[in-house]
Amino acid sequence: MTSAYSRDGFGYGRPNLATIGFDADDTLWQNEKFFRIAQERFTALLSDYAEPDILNKSLLETEISNLKLYGFGVKSFILSMIETALHFTGHHVPEEIVNEILETGKELKSYPVELIPGAREAVERLAGSVNVILLSKGDLFDQERKLAQSGLVEFFDGVEIVSDKTSEVYVKVFEKYGACADNAMMVGNSLKSDIVPALSAGSWAVFVPHELTWEYEHAELPSDAPRFIQLPCIGELPELVAEQF
């Protein structure tokens, strides 16, 4: 594997980037906004039982508690909505509410893919110059569906759908695609999943904030980390790579 720095006459001391990993949801395509629509529908269904703020807080707590059982994604979200509804209705959820929750989940898995502005151009321009991989977590079938509809499949050298993103996962995945963690980069909108563990693994981490991010994915901004970079939009990534790597 190559070292983290080039020693040729043209770029002594410049980082030598071998692999770039892209998060999927809310980095390449919209996701959270559809979950917000589903959650608003959920609180409306249970409006006779509790205020929206209380329902939302309880649903978030239930989702986080269930991650170790169901993982991330739509299926876990549906089960968490049903569990929350059971709690607030004293385990007597009206049949029509259960049916609406299930329909809401089906809708979440059928929304057309809506690419983030600049995402296609960024991936296409970087493909071929380094190994470009999709590194995402969540429901396997749903992520495969969105990737297939995105029109981006041809640009990726590999696709990895993992149960969670940890520093160990980043090391393992980057090694699989011919890179040490220290000459790899992760790009994403989640500080908790995309940025902090990638930095911990020794990689570069590019944070591209999204206006809607699930509360679970929030974390303290690692502004002082030497390999942390923040961009206002993903469309600026190719220029960053060209100028600094």
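Computed from a predicted model, the values in this text were never measured in an experiment.

Thresholds, definitions, all that
- The numbers attached to residues start from 1 for each chain and follow its sequence in the written order.
- With pLDDT at 70 or above as the cut-off, local features in this predicted model cover only qualifying residues; side-chain atom pairs require 80 or more to be listed or tallied, and sums for whole chains, interfaces and linings still use all residues.
- Excluding hydrogens and water, the side-chain values take into account all heavy atoms of the structure.
- Think of a salt bridge as a Lys or Arg side-chain nitrogen and an Asp or Glu carboxyl oxygen that are within 4 Å of each other.
- Put simply, DSSP H or I for four residues or longer makes a helix, DSSP E for two residues or longer makes a strand, and each gets a number counted from the N terminus.
- Relative accessibility under 20% of the residue-type maximum defines a buried residue, over 50% an exposed one, and the middle range a partly exposed one, all with a 1.4 Å probe and only protein chains included.
- DSSP-based pairing: two strands are paired if at least 2 bridges between them are found.
- Here the term right-handed applies to a crossover when the path leading from its first strand over the helix to its second strand runs clockwise, the strands being oriented away from the viewer.
- Cavities and pockets were defined on a 1 Å grid built over protein atoms only: a cavity is a set of grid points that admits a 1.4 Å probe from which the probe cannot escape, a pocket is an open set flanked by protein on both sides within 12 Å along at least five of seven lines, and lining residues are those with an atom within 4 Å of any such point.
- Grid points are joined across faces, edges and corners, and a volume is the space filled by probe spheres set on the points.
- Each residue receives one of three labels: charged for Asp, Glu, Lys and Arg, nonpolar for Ala, Val, Leu, Ile, Met, Phe, Trp, Tyr, Cys and Pro, and polar for the others, Gly being one of them.

A. Representation of the pattern of salt bridges within the structure. For the structure shown, the criterion picks out 17 salt bridges. One salt bridge connects Lys137 with Glu217, and the closest N-O pair in it is separated by 2.8 Å. With a gap of 80 residues between them, Lys137 in strand S2 (residues 131-137) and Glu217 in the loop between strand S5 (204-207) and strand S6 (228-230) connect regions that are remote in the sequence. Glu217 shares its class with Lys137; the two are buried. Note that Lys146 is salt-bridged to Asp142, the shortest N-O span being 3.6 Å.

B. Fine view of the pairing of S2. Most of S2 is tucked away, with six of its seven residues classed as buried. Taken together, the four bridges between strand S1 (residues 19-22) and S2 define a ladder with parallel strand orientation. Looking at S2, one finds that Ile20 is bridged to Val132. In this sheet, strand S3 (residues 158-162) lies alongside S2 in parallel orientation, the contact comprising five bridges. Residue Leu135 lies in a different strand from S3, and its bridge partner there is Glu160. The parallel pair S2 and S3, bridged by helix H6 (residues 140-150), forms a crossover whose chirality is right-handed.

C. The layout of surface pockets, seen in detail. Put simply, the largest pocket is a space of about 670 Å³. Residue assignment for the lining of the largest pocket shows that the elements contributing at least two residues are helix H1 (32-45), helix H2 (52-70), helix H3 (74-88), S2, H6 and helix H8 (191-201). Considered class by class, the residues forming the lining of the largest pocket number nine nonpolar, 14 polar and 16 charged.

D. Inspection of empty space enclosed by the protein at higher detail. For the structure on display, the rule yields one cavity of 30 Å³ or more. Taken as a whole, the largest cavity holds about 90 Å³ of empty space. In terms of lining residues, the largest cavity is bounded by 13 residues, among which Asn31, Phe34, Leu108, Arg145 and Lys146 are the most central. Of all elements in the fold, only H1 and H6 reach the threshold of two or more residues within the lining of the largest cavity. In terms of residue count, the dominant contributor to the lining of the largest cavity is H6 (three residues). Here the residues of the lining of the largest cavity are counted per class, giving eight nonpolar, two polar and three charged.

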